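Chain residues, written in single-letter form:
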Amino acid sequence: MAHLSPLLKQATPVLVDHADGLNVYDEQGRRYLDFTAGVGVTSTGHCHPRVVAAINEQATKLIHGQYLTVMHRPLLTLCERLGNVLPPELQSLFFTNSGSEAMEASLRLVRHATGRPNIITFHGGFHGRTVGAASMTTSSARFRSGYSPLMGGVHIAPFPYAYRYGWDEPTATKFALRELDYLLATATAPQDTAALVLEPMLGEGGFVPANRIFLEGLRERAEQHGMLIVMDEVHTGFGRTGQFWGHDHFGVQPDILVAAKGLTSGFPLSFIAASDEVMGKAWPGSQGGTYGGNAVACAAAVATLDVIKDENLVDNAAVMGRRLIDGARTVARDSGIIGDVRGLGLMIGSEFTDPDGEPDPARAQRAQQEAVERGLLLQICGAWRNVVRMIPALTVDASQIDEALTIWTEAVRSAK
Ligand code: PLP
């Protein structure tokens with residue numbers, strides 16, 4: 001009998017039957033509070049009525065209007081809506097199906113636009129599993145191991161992950177920028193370097209925000225050397241961090257913005273956004289694909305963007321995020337097994353460490369499992385898989401945050 005590959009590792013044993021909002025129900029009718037949101041995808045919660053209505057309506061009219069063959073209204077409407085939330089300079093869009101595919105598209109674009117071969121990525125970044133994206137990924141060796149030779153031309157600079165270095169943020173930032181200069185002086189000359197590629201906050205790599213000084217430093221060097229900045233907002237986009245885009249926290253704009261996850265509340269759809277000037281330097285015919293800009297996915301995206309706006313979900317993410325991080329910090333203080341709690345908006349990570357400050361994946365995983373057994377769905381991230389992440393839908397309310405924190409308190413206590 002055909003079955004799923006044993007290589008797929010599931011974070012919970014839950015066999016889901018149906019879901020609404022932040023609630024997920026298994027086949028026996030047991031309710032779980034979902035603080036994973038399908039790895040940050042179901043931004044408006046599961047099956048938001050307006051998103052469901054838009055999907056149903058579109059599915060009866062047109063499911064697949066292949067965008068290299070014909071144009072369809074949902075795609076045009078989505079372009080218009082995205083124009084309102086994207087930086088005014090980045091209004092040229094190319095749609096793909098997944099975060100990895102969009103990252104591959106950004107890679108092709110920066111090489112075409114600059115005529116340069118090399119890329120600098122930042123240590124701890126996750127950009128996907130396809131060869132180009134995996135070559136830029138350093139959040140964990142398991143995404144690269146046994147997959148060599150990966151794509152050439154990728155150089156890795158430090159990310160200001162202050163807690164890991166055991167420094168304060170200014171020291172970690174100064175170090176990261178100095179090492180970037182050293183890399184440009186020793187390994188990849190500016191005239192060979194097309195782009196700096198980064199997440200505004202490490203996701204898979206352990207939920208570590210960048211900071212303003214760091215990003216200003218990148219912008220300065222990008223301007224000086226004619227390099228482009230590619231911001232991978234696949235995880236951080238659409239209000240997840242309490243600002244519409246993750247980079248909004250730091251006041252530094254990318255040249256190419258890559259987005260996916262929270263865009264549609266669940267359908268596979270991603271895109272890259274750039275200026276007309278940058279997009280115009282790429283080679284005609286170099287963008288395309290069979291499924292990009294699927295009509296039902298576009299309808300779901302338009303409805304999702306409308307719900308995010310009409311229900312003030314970006315502000316809600318900021319307010320609820322503060323409640324969540326404050327609560328998670330209290331749990332950490334009382335536990336003695338969580339060394340750091342950090343994040344932005346509704347993207348909060350608790351890093352488990354032993355008394356010597358070394359990563360403690362066993363306790364992190366025990367706490368995550370204890371939470372699942374008590375009805376709270378959570379996931380793990382970080383290089384050592386010792387960071388428990390909380391990423392509820394942007395619709396989360398105070399009572400759901402408090403319910404999650406009550407379960408989390410008990411789960412951490414049991415994991416000691
Ligand atoms: N970039 C970031 C920041 C991500 O978080 C992810 C997925 O988690 C990806 C890229 C890859 O996206 P996908 O899994 O849709 O290929």
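This text gives an overview of the structure that appears in the document. (Residues numbered from 1 in each chain as written. Predicted model: local features only at pLDDT ≥ 70, side-chain atom pairs only at ≥ 80, totals over all residues. Heavy atoms only, no water.)

## Observations concerning the overall build of the chain
Piece 1. For the chain, the count of helices and strands is 13 helices and 17 strands.
Piece 2. The dimensions of the chain, computed from C-alpha atoms along their principal axes, are 55 × 55 × 45 Å.
Piece 3. By the burial criterion, 58% of the 416 residues in the chain qualify as buried.
Piece 4. Long-range contacts, defined as pairs at least 24 residues apart, comprise 72% of the intrachain contacts of the chain with a sequence gap of at least 6.
Piece 5. Total accessible area on the chain is roughly 17600 Å²; 52% of this is exposed by carbon and sulfur atoms.
Piece 6. The chain carries 35 positive and 44 negative side-chain charges, and their two centres are separated by 2 Å. (Helix = DSSP H or I, 4+ residues; strand = E, 2+ residues; numbered from the N terminus. Buried < 20%, exposed > 50% of the residue type's maximum accessible area, 1.4 Å probe, protein only. Contact = heavy atoms within 4.5 Å. Areas by Shrake-Rupley, 256 points an atom, 1.4 Å probe, with all protein chains shown as cover. Lys, Arg positive; Asp, Glu negative; His and termini not counted. Charge placed at Lys NZ, Arg CZ, Asp CG, Glu CD.)

## A word on the sheet that holds strand β17 (residues 387-390)
Neighbouring strands of a sheet are bound in pairs by backbone hydrogen bonds; such pairs are parallel or else antiparallel.
Piece 1. Here four strands make up an open sheet; going across it, the order is β13-β14-β17-β16 and the pairing antiparallel. Whereas interior strands pair on both sides, the edge strands pair on one side only; in this sheet they are β13 (338-344) and β16 (379-381). The sheet shows a mean angle of 30° between the axes of neighbouring strands, direction not considered.
Piece 2. Pairing of β13 with strand β14 (residues 347-352), which is carried by six bridges, proceeds in the antiparallel orientation. In the sheet register, L344 faces β14, and the bridge partner there is M347.
Piece 3. Across the sheet, helix α12 (residues 361-373) lies against β14, β16 and β17, angled at about 160° from β16, the strand it touches most. (Pairing = 2+ DSSP bridges. Axes fitted to C-alpha atoms, helices over the stretch in contact; angles between N-to-C directions.)

## Considering the sheet that holds strand β10 (residues 228-232)
Piece 1. Pairing in this open sheet of seven strands is mixed, and the strands run β4-β12-β11-β10-β7-β5-β6 from one edge to the other. Lying at the two open borders of the sheet, with one neighbouring strand each, are β4 (92-96) and β6 (154-157). Mean inter-strand twist for the sheet, computed between neighbouring axes without regard to direction, equals 20°.
Piece 2. Inspection of the sheet shows strand β5 (residues 118-122) paired to strand β7 (residues 193-198) by four bridges, in the parallel sense. Across the sheet, residue T121 finds its bridge partner in β7, namely V197.
Piece 3. The sheet contacts of helix α7 (residues 169-186) involve β5, β6 and β7, and relative to β6 the element is tilted by about 150°.

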